[in-house]
Amino acid sequence: MQDESRIPPGQQLVRPGRWPIVGEKEPADHRGPWTLEVGLDSDIRSFSMEDLQQLPQTEMELDIHCVTRWSKLDANFAGVLLQDLLKASFPDSNRRFVSFVSHSNQNHSSSIELPTAIQLKTLIALQYEGQPLEVRHGGPVRNIVPKRYFYKSVKWLRRIDLLEVDRLGYWESETGYHNLADPWKQQRYMVPNVDRRTALQLIGSKDFSGRDLRSIDASDRDLSGLKAESSALRDANFGLAKLQRANFRNAILSNAHFQNADLRNADLTAADIEGADFSGADLRGANLTGCSLVGTSFFSITEGSKLECIIDANTVIPDEILTPLTESQLAFIKHKIAEARASL
Ligand SMILES: Nc1nc2c(c(=O)[nH]1)N[C@H]1C(S)=C(S)[C@@H](COP(=O)(O)O)O[C@H]1N2
Ligand SMILES: [Mo]
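The present account deals with the structure reproduced in this document. What you are looking at is a predicted structure, and each value in this text was computed from that prediction instead of being measured. (Residues numbered from 1 in each chain as written. Chains lettered and ligands numbered in written order. Predicted model: local features only at pLDDT ≥ 70, side-chain atom pairs only at ≥ 80, totals over all residues. Heavy atoms only, no water.)

### Here we look at the overall build of the protein
Thought 1: Check the secondary structure of the protein and you find six helices and 13 strands.
Thought 2: Whereas a compact globule of 344 residues would reach a radius of gyration of roughly 20 Å, the protein reaches 22 Å, a difference of no more than 12%.
Thought 3: Projected onto its principal axes, the C-alpha positions of the protein cover 65 × 45 × 40 Å.
Thought 4: A total of 344 residues make up the protein; the buried ones form 55% of that total.
Thought 5: For the protein, the proportion of contacts with a sequence separation of at least 24, taken over those separated by at least 6, is 50%.
Thought 6: Of the roughly 15800 Å² of accessible surface on the protein, a fraction of 48% belongs to carbon and sulfur atoms. (Helix = DSSP H or I, 4+ residues; strand = E, 2+ residues; numbered from the N terminus. Rg over C-alpha atoms; globule rule 2.2 N^0.38 Å. Buried < 20%, exposed > 50% of the residue type's maximum accessible area, 1.4 Å probe, protein only. Contact = heavy atoms within 4.5 Å. Areas by Shrake-Rupley, 256 points an atom, 1.4 Å probe, with all protein chains shown as cover.)

Take a look at the structure:
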């Protein structure tokens, strides 16, 4: 039996043994052996991998909750507790925030209040299931903040800064992810980045091309033929909207809400639809070629009733994009595709 209380609201479990890769796939180029620096302003302590291995090691089973709605339970990690690393570097500092900085091409980082990080048992992870952490998952060293959305857990951790004033991380400042990131409170996004008036004007113009309109409320609107190529529409609400022939090519639609939307003949080519919800949406003739489907929903169950998307033989959902789906979503969409093909 799965313990429901362990799965935060709006999350679905990945298939057993799966661990999706989200965001960057590799660190920036680097020479020489990996080091981890801990910095208190200009005072810096440097740890080699051997140094880290010589500190007390802690092993724990953790649940991963990604903001794009997938969760993975009982992931086994081992490494050094942040608390133990600080004992070995700056035992007497009582700074208020900690920032985890990656050695990555986009200079990722993420921050959290230091007492919270300690209390949550933040781990400087070196191992996953008894093996050195794979590079694609942040090896040789990443931090893991338990009980927070996974963007607080930075891959290829190179530097830990102890701060008096918070410094927003990459996702938090570039994409509006919520700085507190508590999955049980669904703290996924900060407030929308356009006011209601601007939003209504843009909806009237039917042109979102290239714009960042996080969490925009376009529910129940007539947006047929919408131009939204390469726009950033994380968490946008298109529930019940008319989106026939809309152009969402290369758009970021992660966690967008399309419940009962009319997406007939819409073009979603190469869009990021991770965590997006298409339950009840009409996808006849829509093109999903090259979409990323981690955490995507094509049906949902609310109050006991099942809300299903509609597809037909003209819907383009290539088989090779289906693998990241959860077990129930995969079974559902495969069945729908087979049905649509059979009705030809
Ligand atoms: N350096 C770096 N760290 C990162 C990211 C990233 O893109 N770059 N993505 C974050 C997000 S949004 C998630 S969900 C997790 C994904 O980790 P995984 O790819 O090992 O599943 O890493 C987080 N840490
Ligand atoms: Mo994420």
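### Concerning the sheet that holds strand 6 (residues 97-102)
Thought 1: Strand order in this open sheet of five strands is 3-2-11-6-7, and the pairing throughout is mixed. Looking at strand neighbours, the two that pair on one side only are strand 3 (43-48) and strand 7 (109-113), the edges of this open sheet. This sheet shows a mean twist of 15° between the axes of neighbouring strands, independent of strand direction.
Thought 2: In this sheet, strand 3 lies alongside strand 2 (residues 35-40) in antiparallel orientation, the contact comprising six bridges. By the bridge assignment for strand 3, Thr35 is matched with Ser48. (Pairing = 2+ DSSP bridges. Axes fitted to C-alpha atoms, helices over the stretch in contact; angles between N-to-C directions.)

### Digging into the nonpolar core
Thought 1: Phe238, Leu243, Phe248 and Leu253 are the most contacted members of the largest nonpolar core, which has 48 residues in total.
Thought 2: Core analysis: the next-biggest nonpolar cluster, separate from the first, contains 28 residues, Trp34, Val38, Leu52 and Leu114 among them. (Core = buried A, V, L, I, M, F, W, Y, C linked by side-chain atoms within 4.5 Å.)

### Here we look at the site of ligand 1
Thought 1: As a matter of local geometry, ligand 1 sits amid 19 residues, with Pro20, Glu24, His137, Arg142 and Lys155 nearest to it.
Thought 2: Separating an oxygen atom of ligand 1 from a side-chain N or O atom of Trp19 is a distance of 2.9 Å.
Thought 3: Glu24 places a side-chain nitrogen or oxygen 2.7 Å from a nitrogen atom of ligand 1.
Thought 4: Here ligand 1 loses 99% of its free accessible area of 540 Å² to cover by the protein chains.
Thought 5: If you map ligand 1 onto the pockets, it falls in the largest pocket.
Thought 6: When grouped by side-chain class, the residues that make up the shell around ligand 1 number ten nonpolar, six polar and three charged. (Near = heavy atom within 4 Å. Polar contact = N/O pair within 3.5 Å; in protein donor to acceptor, adjacent residues only side chain to side chain. 1 Å grid on protein atoms, 1.4 Å probe; cavity = no way out; pocket = protein on both sides within 12 Å on 5 of 7 lines; lining within 4 Å. Sits in = over half its atoms within 2 Å of the grid points. Nonpolar A, V, L, I, M, F, W, Y, C, P; charged D, E, K, R; others polar.)

### Observations concerning the pattern of salt bridges
Thought 1: As enumerated under the stated definition, the model contains 18 salt bridges in all.
Thought 2: Salt-bridge contacts for Glu172 lead to Lys152; the nearest nitrogen and oxygen are separated by 2.8 Å. One end of the pair, Glu172, is in helix 4 (residues 170-174); the other, Lys152, is in the loop between strand 10 (142-144) and strand 11 (157-163), with 20 residues separating them in the sequence. For the pair formed by Glu172 and Lys152, the shared burial category is buried.
Thought 3: In this structure, the salt-bridge partner of Lys336 is Glu308, at a minimum N-O distance of 3.1 Å. Linking Lys336 in helix 6 (residues 327-342) with Glu308 in strand 13 (residues 305-308), this pair joins segments that are 28 residues apart in sequence.
Thought 4: Here Lys336 falls in the buried class, since its relative accessible area comes to 15%.
Thought 5: The class of Glu308 is partly exposed, set by a relative accessible area of 31%.
Thought 6: A cluster of three or more residues bridged by salt bridges with shared partners is formed by Glu37, Arg159, Asp161 and Arg167. (Salt bridge = Lys/Arg side-chain N within 4 Å of Asp/Glu carboxyl O.)

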